[in-house]
Every structure is written in C-alpha cells, then in structure tokens.
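Given next are the chains, with one letter for each unit.
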Amino acid sequence: MFRSQHLSYKYALFAYFLFGLQGLVASGGAIDLLFPDLGNPIPFVSGRAFHLNVSIYWPLIGMIGAMYFFFCQEAEREFYSLKLITINFWILASTLGLILGSLLLGFNEGREYLEAIWPLKLATAACTILLCFNLLTTYLASDMPRSRATLISMVTGSVTLIIFYVPNIVSYAHPTVDEIAKFMVVHIWEEMSLELIGTGVLAALLIQVTKVKRQAVETAIYLDITFAILAGILATGHHYYWIGVPSYWLWIGGTFSAMQVLPAIVLLYTTVKSMTFKEIFDLSNRDKITLSLIGSSMFYHIFGAGFLGFLMAYPPLNRYVHGTYITSAHSHLALFGVFGFLVLALCFHILFTEIILVKKMYRWCWGAIISLNAGLLTMGIGLLIAGGLQVYFWRVIGLGIGETNEFIRPYLFIRAFGGFLYAIGSLTLTFVVIKSIWPKIQVIFQSEGRLSVINCDDLHRMHRLVGDLLQEEKKIEPLLKRIQVLYQSLLFFNKEK
Amino acid sequence: MQLPLKIFLATVFLSIALFFFVIYDSMAGNNLQNVPSEAVKGKMVFQKRACIECHTVFGNGGYYGGDLTKVYEKFGSNGLRAYLTQPPLLSGAKKKRHIYLSNEEAEEITAYFRFLQSIPNMDWPPRPVYDKKEEAGVK
Ligand code: HEM
Ligand code: HEM
Ligand SMILES: [Fe+2]
C-alpha cells in the first residue's frame, strides 16, 4: 500500500459526510415545496441552491479521492508530491464550506450549480490544477507503459476539468453566454470528465477485485473513453437548444447525444464479462457491498442516464418536455444514479482498506443500499409523472402555473416520500461509515510525514510479484525493479515506526 | 505510441477544437445583441434574489414558478411592476407571499425581461397545442 492511498482517505470520508448532509437538506427542501406555510428552518431557495452546488462538489471530491487512491496503484509508484494531496484537500474542503455556509445564510450569486464569488471559483480552479499537476508528474515518472488505459483516462479526465471550468470564473452580462458557460460544467464535467475518470478508476478497481486480466479490458477502456469524448463534448448541444444560439445546435446536440449511450453499453458489457458468479460468492463482505453499489450505478447508467437521456435529447421531443420535472427525474436518476452510486462504491472500498467492516454493520449496509435504490426509483417515478402532467397542462392544453401545481401535488408527495426513503438510506450508510472510521479518525487525517502504517497489502503484493518472477523469466528485469521499490517502501515504513 | 491511444488523443483534440469553434461561431457577428445597461442591472437583481431557484429561464431553473423567458409578453411593464411590488400569495400557500421587490428593482428586472423576450430562441416555450388549433380554426 502506498502512502498516497492513505492520504486519500479523508476525501472519501468527506464525500460520505456531504452525501449524508445532502439527503437531509434535500428532504427539507422537498417538504417546503409541498407545505410552503410550515416555516421550514431551511427555506426552499437556500435549500435548493445548497443542494445543487453540493451535487456538483461531492461526487467531484469523491472522484478526486478515488484518483489519488487508484492512480498510484496503477502507476505503481507514490504520487510526485504527497504534501499537495493534503493541501488540495484542505483548499477544496474550505472552499466548499464557505460556499455552502454563505448559501445557507442567504447570499446567492444566482447562477444555478455554480454559486460562488470569484475568489472561491479561483480556488476551485486551483484545486483542479493541483490535481492535474500531481497526476501528470506522477504519470511521467511512472515505469508503467505510457499507454496504460487507466492512467490515460484519469489524466485526460482531470485535464478537461480545468479546461471547462475556466470559462465560468468570470461572469457575463448576456444570459445566453451565461448558459453556454454553465453547461460546460453541468454537462461536460458530469457527462464527460467524470465519465472518463470513473471509467479509469472503475477499471482499476475491477482489475484488483475480480482479478480480470488487464489485457482483456485495455481495448474496451479505450473504446469506452473514445466514445465518451466523441459524444460527450458536442452533446452539450442538448442544453443549448432553446437558449438563443443558432439552430444548427439542434443537429449537433441531437446527433451526438444519440451516441452517448455507447460508452455505457461498452462499460456494462466489459464489467459483466469480467466477472463470474463463482467469484462473486468468494468475495469479502467489503467487496460485496462495493460491487452492489457498482451494480446500482450500472443500472442507472443504462436506464436513467442512457435511455431517458436519449429520449429527452431528441429536439422535437425536448421542445415539449424541457423545463419540467422530467428533467429533474433525469438529473436524479443520472447524477446520483450513476456517479453518486459509483462514488459511494469507490469511497466505501477506499475507507475499508485498513479498517475492517464488522458483521453487524455489514447488514446495515444492505439495508441502506436497498433503501437508497427504492427511494431513488420512487423519486424518479413521482417526478416523471409530475413532469408528464406539466407537459400536458402547460404545453398541450395551456393551463396556468397555479392550477398545474395543484394537479401535480400528489406526485410531488410521492417524490418527497421517495426522498424520505432515500434520506434514510443515505443517513444509514453515512452512519455506518463514520461509526466504523471513528476510532481511527486521527489516523485518517494524519499528515504525510507521520505515516507509519505497514499494510498486509504490501506483503501480499510482494508475495505475488515473487510468484510471477518464478514463472516469467523474460520479464524478470522490470519485475525486479518493482520489487526493489516495494522493499524500499517497506523498509522506510519500518524505520519510522 | 499505440494506435488506440493515438485515436483517442486525436478525438480529444478534434472534439474540443470543434466545440469551441462552434461556440465562437454562435457568439460572433450579430448573433448576440448588446444587453442594455438597465437590463444588466435587472439581471443582477434576478441573480441576487435567487429567482432561478423557483423559475426557469430558457427552461433552466426551478419548476415551481414556471418559465420567465417570455413573461414580458404576458404581463407587460405595468403588470410586472404591480405583481412584483405588491406580491400575491404563492400557489398552495395561505400565508407565504411571492418575493417582494422595491419599485427600482422592479423597473430594472422588467428591463431584463424585456430583453429576454427579444432573444431569438426558436420560440421556446412552445405555445400550447390547443391555442394554436383554436387560432387556426378562427381564421
Ligand atoms: C451519466 C451521465 C449523465 C448525467 C450525470 C446527467 C446529468 C444531467 C443533469 C444534472 C441534467 C439537468 C441539467 C439542468 O438542470 O438543466 C441533465 C439534463 C439533460 N440530460 Fe443528462 N446526464 C447524463 C447522461 C445523459 C445522456 C446519456 C443523455 C442523452 C443521451 C442526456 C441527455 C440530457 C438532456 C437532453 C438534458 C436536458 C433536459 C432538458 O431539456 O431540460 N443525459 N443531465
Ligand atoms: C433525499 C434525496 C433528494 C431529494 C428529496 C431531492 C430533492 C430535490 C429538489 C426538491 C430539487 C429541486 C427541484 C425543483 O426545482 O423543484 C432537486 C433538484 C436537483 N437535485 Fe435533488 N434531491 C435528492 C437527492 C439528490 C442527489 C443525491 C443528487 C445528486 C448527487 C441530486 C441532484 C439534483 C440536481 C442536479 C437538481 C437540479 C436539477 C433539476 O432541478 O432538475 N439530488 N432535488
Ligand atoms: Fe447533458
């Protein structure tokens, strides 16, 4: 085990914390929407702004943590700078803390998803730059093949995080330009950058957990990330249809969105192929939870993101369904369904590397996963019906807002109930994680200089390498090199103890 | 360098270049009108008061209060001012009213709505199907 991996624990823990918090605040918002007179402590406006901003940041923070964890494993070396991993965390955490705090106090910038005064936006951009710097320097120093697909997809994904965030640091007078810039984050970050990063990290995890051969997935990863780039960037057009840009965006958005299902299918096919049933039974409890979270993510990737998104992106249909709760159904099924579950899986795996998941907690985890899925599906169905009715009342028979709101209330009620189930799941899972981690909380926040934990992983890996060595005489030299590196790190740890 | 990597990198560069080129083309020339200064102020009011949390503009935002892209057409200056400075009850509420704006803020935001109205966005939101039929029937 690398020390870089140890340093990524705090990202994973923070992602879980935000996830729990979001469920709580969102349920408050959903209730305020139904009963405006209740005098909710968190008014709908602050709650929604909080909710949208945290929905961008927590999957991001979890993914960054996962990259710090899996990138060094794939590059088979420590990160170039361990200190930067910690610094990056504290900048990110305090930026987000300031943003969320000011939103709860009622200071809005009024740009959906991207509420932050410019210094905080600069700080966010700085975080992505620090991340890329560390990834690139480590990539260049690694002895692994330059074209290793997992490394390439994580590095490229991270670089695009910077490129598409920068246009959002300044603000624009023209509302059309505002929208153009906003969707570079809301769409491209989520549907392209995170897709690339997620694919790389997921492949790394599967290679480790299911022992699938690297060569077998290498081509599939390339296929996946090439499709993701090709479709993902220009599919941004599906957010530009009605914002006041030339009509060729209807063609661009429609065409490239139609291709967006391809990466999801490749990913599903590869994952399913890389596993056998027998293997699943042999897995540890921790890996079973991880895999069922990944399975949930795959399910929503096909249905919530791929299928629903595909239908909605067809311009003549989008003209009618756009701007209704149907979009909201898709946002939840896709953003939480795909990346939420994926990040939860990754962070779960990361946090229970050294810490053992006790049997009692294991059962609670299953309860939480079921409740999250049931909640999300209920929420999705309620929202789809509410949105469908909005389309009918507004766009077909031309009813007013107030009357429409009365008609869709029951379905928003179903949504709030789904949100309640969901929140129970999210609080349970967060509770399991925080309770299991708590005794070791100091170790989690330990700085890079004081790490002195030897992990059995290292010994196991050493054992495996020696085994390989005995079989493969040709490749003996690079293997020897790797053994040397590992021995050094083990010795180093021992000295510190 | 291996072939898959080459293809991948080529796709990255081409897609990003094409994307920014098309965006440049969408904004260049006379595609975007200048925003009147009063409308810019109105946009700031709209943002500071977080109207977007309940309303959509171009269909993006919250779905509680409906779309405001063409609201100017519906209410006109006087109607908007009256609505915003003497806010009515929210739908479904017995006590909670719509957000209150001062006269000056209402003026500015009306200018913003007038500007929004003038943006050619392929006539979104679509007019209700029935309205259109009736109109055709009358003719
Ligand atoms: C994994 C991936 C995905 C994520 C995380 C995601 C996320 C989102 C989010 C958050 C929104 C709402 C934006 C807003 O508030 O205005 C949205 C809208 C949309 N998405 Fe996705 N999406 C994903 C995949 C897809 C796919 C694969 C397609 C198409 C094939 C698609 C098509 C659309 C369309 C057309 C809209 C706009 C709906 C409207 O008219 O308002 N999405 N997506
Ligand atoms: C307890 C669970 C949740 C509840 C009750 C909930 C509720 C809500 C509510 C009330 C809105 C505002 C919709 C409106 O404008 O009327 C919203 C929007 C949104 N939520 Fe959630 N949410 C939950 C979980 C999540 C999670 C886990 C994510 C993503 C990680 C997420 C992502 C979003 C996004 C992107 C939007 C804005 C897009 C839109 O308005 O369609 N939500 N949610
Ligand atoms: Fe999108």
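Residues numbered from 1 in each chain as written. Chains lettered and ligands numbered in written order. Predicted model: local features only at pLDDT ≥ 70, side-chain atom pairs only at ≥ 80, totals over all residues. Heavy atoms only, no water.

- With an unreviewed UniProt entry as reference, chain B is termed Cytochrome c class I, source organism Pelosinus fermentans JBW45.

- Going by the annotation in an unreviewed UniProt entry, the name recorded for chain A is Nitric-oxide reductase, with Pelosinus fermentans JBW45 given as the source organism.

## Side note on the UniProt feature "transmembrane region" (unreviewed entry) in chain B
Stage number 1. Those places that UniProt annotates as "transmembrane region" (unreviewed entry) correspond, in this numbering, to residues 7-24 of chain B.
Stage number 2. For residues 7-24 of chain B, the helix share is 100%, the strand share is 0%, and the end-to-end C-alpha distance is 26 Å. (UniProt positions renumbered as here; feature names shortened; annotations may be inferred. Helix = DSSP H or I, 4+ residues; strand = E, 2+ residues; numbered from the N terminus.)

## Here's the deal with the site of ligand 2
Stage number 1. In the vicinity of ligand 2 lie 24 residues, with A:Arg48, A:His51, A:Ser328, A:His332 and A:Tyr422 positioned nearest.
Stage number 2. Ligand 2 is flanked by residues contributed from chains A and B.
Stage number 3. The separation between an oxygen atom of ligand 2 and a polar side-chain atom of A:Arg48 is 2.7 Å.
Stage number 4. One nitrogen or oxygen atom from the side chain of A:Tyr325 is found 3.1 Å from an oxygen atom belonging to ligand 2. (Near = heavy atom within 4 Å. Polar contact = N/O pair within 3.5 Å; in protein donor to acceptor, adjacent residues only side chain to side chain.)

## Description of the side chain of A:Lys10
All names here are of chain A.
Stage number 1. Among the secondary structure elements, Lys10 is positioned in helix H2 (residues 9-34).
Stage number 2. Of the polar contacts made by the side chain of Lys10, one reaches the backbone oxygen of Leu7; its length is 3.0 Å.
Stage number 3. If we ignore the near neighbours within four places in the chain, the residues touching Lys10 are Thr86, Phe89, Ile444, Phe445 and Gln446. (Contact = heavy atoms within 4.5 Å.)

## Points about helix H12 (residues 285-313) of chain A
Stage number 1. Look at H12(A): 40 Å from first C-alpha to last across 29 residues, which is about the 42 Å you get at 1.5 Å a residue.
Stage number 2. Largest kink in H12(A): about 35°, centred on A:Tyr300. (Expected span 1.5 Å × (residues − 1). Bend = angle between axes of the 7 residues up to and from the residue.)

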